[in-house]
Structure formats: structure tokens, C-alpha cells
Amino acid sequence: MKAKGSAARDLWQFPGTKPAAIAVLVYLYLPIVVLIVLSFNTSDSSLARWEGFSTHWYAVALADGNMVRSIENSAIVACVATLFGTVIATFAALGTTRTRFRGQVAVEALIGLPLIVPDIVAAIAILLFFVMIGIRLGLTSLILAHTVFTIPIAYLPIRARLEGLDPALAEAAADLYANAWQSLRRIILPLIWPGIVSGAMLAFIGSLGDVVVSYFVSGPGSTTLPVYVFSMVRMGVTPTVNAVSTLLIAASASLLTVSYLLGRRFN
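Residues numbered from 1 in each chain as written. Predicted model: local features only at pLDDT ≥ 70, side-chain atom pairs only at ≥ 80, totals over all residues. Heavy atoms only, no water.

Visitor: I would appreciate a short explanation of the overall build of the protein chain in the present structure.
Guide: The secondary structure content of the protein chain amounts to 12 helices and 0 strands. If you list the helices and strands of the protein chain from N to C, you get α-α-α-α-α-α-α-α-α-α-α-α. For the protein chain, buried positions account for 35% of its 267 residues. Long-range contacts, defined as pairs at least 24 residues apart, comprise 71% of the intrachain contacts of the protein chain with a sequence gap of at least 6. (Helix = DSSP H or I, 4+ residues; strand = E, 2+ residues; numbered from the N terminus. Buried < 20%, exposed > 50% of the residue type's maximum accessible area, 1.4 Å probe, protein only. Contact = heavy atoms within 4.5 Å.)

Next comes the structure, spelled out in C-alpha cells:
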């Protein structure tokens, strides 16, 4: 640990490292800060000129029936896909961490493949698959598609938590005549639940903010909030878009904060 800390301190001694890091952070986050500030602007004639503080555009956004419906669709899809994806990811992590089998490397690569494949390629492939097997585009197709890419998102923190467990715990349970289900339910799951919760939160955020896959596999009446906002932006940026984007940022940041705190608390 000392060597790593010393290496990190040495890295900061290179000329220009700190200014470059600050410039990158400003470049990444300043537009987000500006968007959040302008979401409280009273002006409806200019998006760049501050004219006063108001929450008017939040009320306008929440009074839009189509937007409220898209929020409901996003919540339904994200919750159901996160549930299915986390359950599958948990069993996949158990199967690839606690045991060793032939072809394990290939199986692990397939699990992580959705994180590597470009979104546009995955979206087109999923759309063609749904058309081929006759699944109508709607909430069902959205849930199935989102479940596919939430599995690897949830899998990584769950597996990391499992790899940190002492194998002797399961062996001790077996010595006390606990069967595999009892060992899983009473020992392993209680110990890895912070990883499961963190994985579920990350999967929920990934599903909630997805645009590309949702754009391709959503049908009439099943538009999600990111797709709806994307459609609004194509017609022109309005203060309402700023307000909705701020709400999405707040939801994502809250879940990420909880996930981070859980990881720090139980590691």
C-alpha cells in the first residue's frame, strides 16, 4: 500500500500533471453544472442568459403527460430489468467464482461481451433477433433488451465481492452438515449482499440512462425518458430539457453515491 501511495505521489510531481487533470475535470463537468444552473432559469427566450431563479420548468416538465408516461416506462423497464439481470448475474458469479470448469474463460468472456460491443451494433442485433422470433416491440422487448446489458454490469461487483470471501467459510458450513442451499442462503448471500446491491444500482443506472438500445427496440406507447428527451432535443433545446436532464443526473448521482458508500462501508 505504501508503494502504491508513493507511486501516486510521484506521478503528481510531473510538470503539468495537476493543470492537465484540472482542465480535464472542468471540461467534463462544467457543461453539466451549467445545464443544472440553467434549468432554474426563468427565461424562455434565451438558454444562455440568466434572468432569475425559478422552478417553473420542472413544473412544466412534470405536467407533460407524454413525459410522465415516459418516466413511468423508464421506471418499469429499469426496475424489472435490474431485478432479472441482478438475479442472473448473481448465479453467474457464483457459478464462475466458486467452481472451476472447462471453458470457463469463454463463458466469462460471453458474460462481459455486452460491455465491449458498441451500443449501435448491439441494438441492431437485438432488434433483428426480436423481429426474427416474432416479439412485438414494446415494454416486453425493452425489458428483455435491458436485461441483456444489465447482467454484465451487475456481474462485475458481485464477482469482485465473491472473490474476496474466504473459501474456508463454505468448507466450514459443509463440515457442519449444511447443504449447498443452506450454505448459500445463510453464509454466502449475507456476506455478498453489499456487492449485489451495488451491482443492482449500477445496472439500474445503466438501464435508466440508455438511449441507443431503447431507441431501436421501443414500440408505440413504450418510449422511455432518455428517448423522449432525445426526441425533444432534435426539435430544439428548451429549458424543459434542462430540467428533465437535471432530474436524471440527480437520480443517477444519488444511486452512484449509495453504491459507493456501500462499497466503502463493507470492504
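Visitor: Mind showing me how you'd approach the environment of asparagine 73 here?
Guide: One can find asparagine 73 in helix α4 (residues 65–97). Not counting chain neighbours up to four residues away, the residues in contact with asparagine 73 comprise Leu139, Gly221, Ser222 and Thr223.

Visitor: I'm lost on the nonpolar core in this one. Help?
Guide: In summary, soluble globular proteins display a tendency toward joint burial of nonpolar side chains. Core analysis: the biggest nonpolar cluster contains 16 residues, and Ala89, Tyr155, Ile158, Leu162, Ile188 and Ile192 have the highest contact counts within it. Counting only elements with at least two residues in this core, the list comes to α4, α7 (139–163) and α9 (180–208). Setting aside residues up to four positions removed in sequence, isoleucine 158 forms contacts with Thr86, Ala89, Thr90, Ala93, Gly195 and Ile196. (Core = buried A, V, L, I, M, F, W, Y, C linked by side-chain atoms within 4.5 Å.)

Visitor: How should I be thinking about the packing of aromatic side chains in this particular structure?
Guide: What characterises a pair of aromatic rings is the spacing of the ring centres plus the angle enclosed by the ring planes. Here the structure, examined in full by the defined rule, presents 5 aromatic pairs. With a centroid separation of 5.0 Å and an interplanar angle of 35°, the aromatic rings of phenylalanine 40 and tyrosine 58 are classed as tilted. Residue phenylalanine 40 is located in the loop between α2 (17–38) and α3 (56–63), and its partner tyrosine 58 is located in helix α3; the two are separated by 18 residues in the primary sequence. Ring geometry for tyrosine 215 versus phenylalanine 216: centroids 5.9 Å apart, planes at 80°, classification edge-to-face. Residue tyrosine 215 is classed as partly exposed on the basis of its relative accessible area, which comes to 40%. (Phe/Tyr/Trp six-rings, centres within 6.5 Å; stacked < 30°, edge-to-face > 60°.)

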